[in-house]
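Breakdown of the fold
Take a look at the letters that make up each chain.
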Amino acid sequence: MSNPLVGNRPFPRAARTALRDAQLRANLRMATGTIRAKRAAVVSEMDDWEDLRAAGAAIKADVLARLPDLLVEFEAAATAAGAVVHWARDAAEACAIVADLVRETGATEVVKVKSMATQEIGLNEALAAVGVEAVETDLAELIVQLADDRPSHILVPAIHYNRTQIRDLFARRMAAVDATALTDDPPALTAAARAHLREKFLTAKVAISGANFAVAQTGTLVVVESEGNGRMCLSLPETLISVVGVEKLVPTFADLEVFLQLLPRSSTGERINPYTSMWTGVTPGDGPQNVHIVLVDNGRSHTLADPVGRQALWCIRCSACLNVCPVYERVGGHAYGSVYPGPIGAILSPQLTRGGDPSLPYASTLCGACYDVCPVKINIPEVLVHLRQTLRHPVAERPAMRALAWVMRDRRRYAAALRAARAGAAPLRGLARRRGGTTVRRLPWPLSAWTAHRDAPLPPAQTFRDWWRASGRPQA
Amino acid sequence: MNAREEILARLRSARADAVPPPVPRQYRRAGETDPARLAEMLTDRLVDYRAGVHPCAPDALAATVATVLAGVTPLVVPPDLPEDWLTAYPGVVHRDGDPQPLTLADLDGAGAVLTGCAVAIAQTGTIVLDTGAAQGRRALTLVPDHHVCVVRLKQVVATVPEALARLADPTRPLTFVSGPSATSDIELNRVEGVHGPRRLDVILVSADG
């Protein structure tokens, strides 16, 4: 089975294909533009936004510092409330636990609440392998599932589809839909999805969810959603299985006051999402009576050990960083090859997979827009640069980096190299000036490996040292 | 070593040196308290979500319930919904748990559900249900396509932190409802009405009698 966190080709090659898709770029430009404006509007009406961000970041840092103790506290509280807590070291173990739990119920179909954790472990495929069909109930996840496609955005997995494409898909794949009467009006498409899933909600025996937050103090799980598909899954079936990354904890119930404000404004650009559900174990006579929680490591303890990289675990999966990223807006989510795309994916995926696709930290211009919008202040550019240093360099750059390191270790070698570069660049300077710039787009081989993905700046005609010598020392 | 012990050991060794940082809490933990302004803000947000808002005086509650539910039947209500809310409602009432819990088919076939709430948040237009007084179990406010919720002004707070602090027991099942169900999954345009109730009406009772 392919790893949901690593693509089958490195980012630069996947991006090249994506960039040729004009429809994809138009859909993404439209969607990210819309959501950026909505987010900016609802964030600007909060005069304590920066205070909320500071609290959110500190709470997450505190959680990571005390994670083992908080997990034990959570387990005790959830167990006392009637839940059964399971632990999974990796994706395979988590899938096996869930598959066994589903098989014990005898169900061959489960309804699912949108969950990044279950995508990350490849749960739907693992369930299919044991004869259980997992039905995605979030509208965008349903679109992607019906299209046999992969999600391309954390919050809006079908962001790469426009309404006409969705209309055609529903007409083709929904048995009960009158294909000739269905229009591409979003309310009509939404009504079709409601009709398609209604019977499944009312008859489902088993539901599978993730959790946005898990409260250590009380053993409570939280799901934040919009459509009511989450409420359906969380309150109607007999059995509920929730797959939760170990980093999803918050220490106390009161800490939710920070994240319930940060998350919706950052993700959908709303003051708050339509529905938030919280449940603590089993409530007699109300909702699922068999409640399971699977706590998943899957690379998180490895990520936690890196003092710079660990802040990626603060992420609350809002996707604000995707929506502002100039790279994401142009290539879309699939090019990242991981269920976590965009800037956060570029730092999370390679860490969770201990290397995975080492080209991902280069999928950024380091413009820093992601850091500005992150509701928990993850310094994504800092981690990108850090991972560029610690992960394997791309093949083309390894000799160049070694050569540069040798040159820069010695002042005379460095000065000689600069002189050589200036002499070599002289013929190119006229060319660059005609284009109105100071950069070259393509250098001859072997330097072409460097300019394949970026412009090369031309060395200035005069260095600072030369200028200093020529202009004389400043007069006292 | 079992999975639990191994994960905990890995996490411990990853953060052997850790010192928990202090958490700054300069953000707003309380807001507006003037009842008229709270009512105005809550109404503004609910209307923005395309929910219906029906202000009423305490002695006009039964009449307002009847007006909002005109032509709607049957109505489902939680076991402990006050009788006097229904005195002017002429339709059929199915009370949950009287004598049996209503089935999903009963709930699916209902014209509407009428409940109270635990607390409401003005700044976000949110109604919080905690399955406490006059609210019933979760399925009751989920399966019927029309939810009519009675909110008393003394239940309205300004901010999210105040609302969480007011909840009697956070381990009860909690549902935060902000308008009718909605999705933004098609080109990020908001469409009201998906799987949850497609219609939400709030009866805002001005002062307590």
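Owing to the predicted nature of the structure, the values given are computational and were not obtained by experimental measurement. (Residues numbered from 1 in each chain as written. Chains lettered and ligands numbered in written order. Predicted model: local features only at pLDDT ≥ 70, side-chain atom pairs only at ≥ 80, totals over all residues. Heavy atoms only, no water.)

Some points on the overall build of chain B
When helices and strands are tallied, chain B shows 5 helices and 12 strands. The principal-axis extent of the C-alpha atoms belonging to chain B is close to 70 × 45 × 40 Å. By the burial criterion, 54% of the 209 residues in chain B qualify as buried. Counted over contacts in chain B with a minimum sequence separation of 6, partners at least 24 positions apart contribute 69%. Of the accessible surface of chain B, which amounts to about 8400 Å², a share of 52% is contributed by carbon and sulfur atoms. The centroid of the 20 positive side-chain charges in chain B is displaced by 7 Å from the centroid of its 25 negative side-chain charges. (Helix = DSSP H or I, 4+ residues; strand = E, 2+ residues; numbered from the N terminus. Buried < 20%, exposed > 50% of the residue type's maximum accessible area, 1.4 Å probe, protein only. Contact = heavy atoms within 4.5 Å. Areas by Shrake-Rupley, 256 points an atom, 1.4 Å probe, with all protein chains shown as cover. Lys, Arg positive; Asp, Glu negative; His and termini not counted. Charge placed at Lys NZ, Arg CZ, Asp CG, Glu CD.)

Brief notes about the overall build of chain A
Helix and strand counts for chain A stand at 22 helices and 12 strands. The globule rule puts the C-alpha radius of gyration for 476 residues at 23 Å, and the 25 Å found for chain A is close to it. Across its three principal directions, the C-alpha atoms of chain A cover 85 × 55 × 45 Å. Looking at chain A residue by residue over its 476 residues, the buried ones come to 58%. For chain A, the exposed area adds up to about 19400 Å²; of that, 55% sits on carbon and sulfur atoms. Across chain A, the 55 positively charged side chains and the 46 negatively charged ones have centroids separated by 16 Å. (Rg over C-alpha atoms; globule rule 2.2 N^0.38 Å.)

Details of the pairing of strand E9 (residues 174-177) of chain B
Residue and element names in this part refer to chain B. Burial along E9 is two-sided: Leu 174 and Phe 176 facing one way and Thr 175 and Val 177 facing the other are all buried. Here 3 bridges tie strand E6 (residues 126-129) to E9, and the two strands are oriented antiparallel to one another. By the bridge assignment for E9, Val 128 is matched with Phe 176. (Pairing = 2+ DSSP bridges.)

A closer look at the interface of chain A and chain B
Counting residues at the interface gives 92 residues for chain A, matched by 72 residues for chain B. Interface area for chain A against chain B, summed over the two sides, is near 7000 Å², with a carbon-plus-sulfur share of 59%. On the chain A side of the interface with chain B, the three residues burying the most area are Arg 89, Arg 194 and Glu 257 of chain A, jointly 10% of the side's total. Seen at the junction of chain A and chain B, the total is 13 salt bridges. One salt bridge in this structure joins Asp 297 of chain A and Arg 10 of chain B, with 2.9 Å as the shortest N-O distance. At the boundary of chain A with chain B, the tally comes to 30 residue pairs in polar contact (both at pLDDT 80 or more). Of the pairings in the sheet, the one linking strand E9 (residues 275-280) of chain A to E9 of chain B comprises 4 bridges and is antiparallel in character. Considered in E9 of chain B, the bridge of Met 278 of chain A is made with Leu 174 of chain B. (Buried area = accessible area lost by both parts, 1.4 Å probe. Salt bridge = Lys/Arg side-chain N within 4 Å of Asp/Glu carboxyl O. Polar contact = N/O pair within 3.5 Å; in protein donor to acceptor, adjacent residues only side chain to side chain.)

Some words on the pattern of salt bridges
Taken as a whole, this structure holds 41 salt bridges over all chains when the rule is applied. In this structure, Glu 187 of chain B engages Arg 163 of chain A in a salt bridge whose closest nitrogen and oxygen atoms are separated by 3.1 Å. Of the two residues, Glu 187 of chain B sits in the loop between strand E10 (182-183) and strand E11 (191-192) while Arg 163 of chain A sits in helix H9 (residues 163-173), which places them in two different chains. Asp 201 of chain B is the partner of Arg 199 of chain B in a salt bridge, and the nearest nitrogen-oxygen pair spans 3.3 Å. Overall, Arg 199 of chain B belongs to the partly exposed group, its relative accessible area being 43%. Each of Arg 89, Glu 93 and Asp 297 of chain A together with Glu 6 and Arg 10 of chain B takes part in salt bridges that share partners, so that together they form one network.

Let's talk about the domain arrangement of chain A
Splitting chain A by domain gives domain 1 (11-301) and domain 2 (397-470). If you average the C-alpha positions of domain 1 of chain A and of domain 2 of chain A, the two centres end up 49 Å apart. (Domains from an automatic or database assignment.)

A few points about the state of the cysteines
Here, the word disulfide means a covalent bond between the sulfur atoms of two cysteines. All names here are of chain A. As enumerated under the stated definition, the model contains 0 disulfides over all chains in all. A disulfide-free cysteine, Cys 370 has its sulfur positioned 6.2 Å from the sulfur of Cys 367, the nearest such atom. Exposure remark for Cys 370: the relative accessible area of 8% places this residue in the buried category. (Disulfide = S-S within 2.5 Å.)

What about the nonpolar core?
By size, the foremost hydrophobic cluster in this structure holds 150 residues, and its most contacted members are Phe 170 and Leu 256 of chain A. A per-element tally of this core places helix H3 (residues 49-65) of chain A first, with 8 residues. What Leu 256 of chain A contacts, discounting residues up to four positions off in sequence, is Phe 213, Val 215, Val 222, Val 250 and Met 278 of chain A together with Leu 164 of chain B. Grouped together as the second largest cluster of nonpolar side chains are 24 residues, Val 98, Leu 127, Val 132 and Ile 208 of chain A included. (Core = buried A, V, L, I, M, F, W, Y, C linked by side-chain atoms within 4.5 Å.)

Focus: the sheet that holds strand E8 (residues 249-250) of chain A
An order of E8(A)-E5(A)-E6(A)-E9(A)-E9(B)-E6(B)-E5(B)-E8(B) is seen for the 8 strands of this open sheet, with the pairing classed as mixed. Looking at strand neighbours, the two that pair on one side only are E8 of chain A together with strand E8 (156-157) of chain B, the edges of this open sheet. In this structure, strand E6 (residues 220-225) of chain A lies alongside E9 of chain A, joined through 6 bridges in antiparallel fashion. What sits directly across from Leu 221 of chain A, in E9 of chain A, is Trp 279 of chain A.

Quick word on helix H4 (residues 67-80) of chain A
Given 3.6 residues to a turn, an α-helix orients residues that are three or four positions apart in the same direction. All names here are of chain A. Look at H4: 20 Å from first C-alpha to last across 14 residues, which is about the 20 Å you get at 1.5 Å a residue. Restricting attention to buried positions, one finds in H4 the residues Leu 67, Pro 68, Leu 70, Leu 71, Phe 74, Glu 75, Ala 77 and Ala 78. Two residues or fewer after H4 comes Gly 82, characterised by a positive phi angle close to 105 degrees. (Expected span 1.5 Å × (residues − 1).)

Observations regarding the confidence of the model for chain B
Residues of chain B with pLDDT of at least 70 account for 99%, and the chain-wide mean is 95. As a predicted assembly, this complex carries a pTM of 0.92 together with an ipTM value of 0.97. (pLDDT = per-residue confidence, 0-100.)

Some words on the side chain of Asp 96 of chain B
Structurally, Asp 96 of chain B is set in the loop between strand E3 (93-95) and helix H4 (104-108). When residues no more than four places from it in sequence are discounted, the contact partners of Asp 96 of chain B are Val 77, Pro 78, Pro 79, Pro 101, Leu 102, Arg 137 and Leu 140 of chain B.

Section: the packing of aromatic side chains
Residue and element names in this part refer to chain A. In total, this model carries 6 aromatic pairs over all chains according to the counting rule given. Here Trp 467 and Trp 468 contribute two aromatic rings whose centre-to-centre distance is 6.5 Å and whose plane-to-plane angle is 55 degrees, an arrangement assigned as tilted. Through pairs of rings, three or more aromatic residues link up here, namely Phe 11, Tyr 328 and Tyr 336. The cationic tip of Arg 231 hangs over the ring face of Tyr 275; the distance from NZ or CZ to the ring centre is 4.5 Å. (Phe/Tyr/Trp six-rings, centres within 6.5 Å; stacked < 30°, edge-to-face > 60°. Lys NZ or Arg CZ within 6 Å of the ring centre and 35° of its normal.)

Quick word on a nonpolar patch on the surface
A contiguous nonpolar patch, built from Leu 404, Met 408 and Tyr 414 of chain A and spanning about 290 Å² of accessible area, is present on the exposed surface. When you line up the elements, Leu 404 of chain A lands in helix H19 (residues 397-408). (Patch = residues over 30% accessible without salt bridge, like charges linked within 9 Å, V, L, I, M, F, W, Y side chains within 5 Å.)

Remarks on unusual backbone geometry
Apart from glycine, the bulk of residues carry a negative phi angle, and the bulk of peptide bonds sit in the trans form. Following Thr 73 of chain B, the chain continues into Pro 74 of chain B via a peptide bond in cis, with omega recorded as -5 degrees. When you line up the elements, Pro 74 of chain B lands in the loop between helix H3 (61-68) and strand E2 (75-77). Following Asp 98 of chain B, the chain continues into Pro 99 of chain B via a peptide bond in cis, with omega recorded as 0 degrees. Structurally, the position occupied by Pro 99 of chain B is in the loop between E3 and H4. Phi is positive for Asn 298 of chain A, close to 45 degrees, though the residue is something other than glycine. Mapped onto the elements, Asn 298 of chain A comes out in the loop between strand E10 (290-296) and helix H13 (300-304). You can call Asn 298 of chain A buried: its relative accessible area is 13%.

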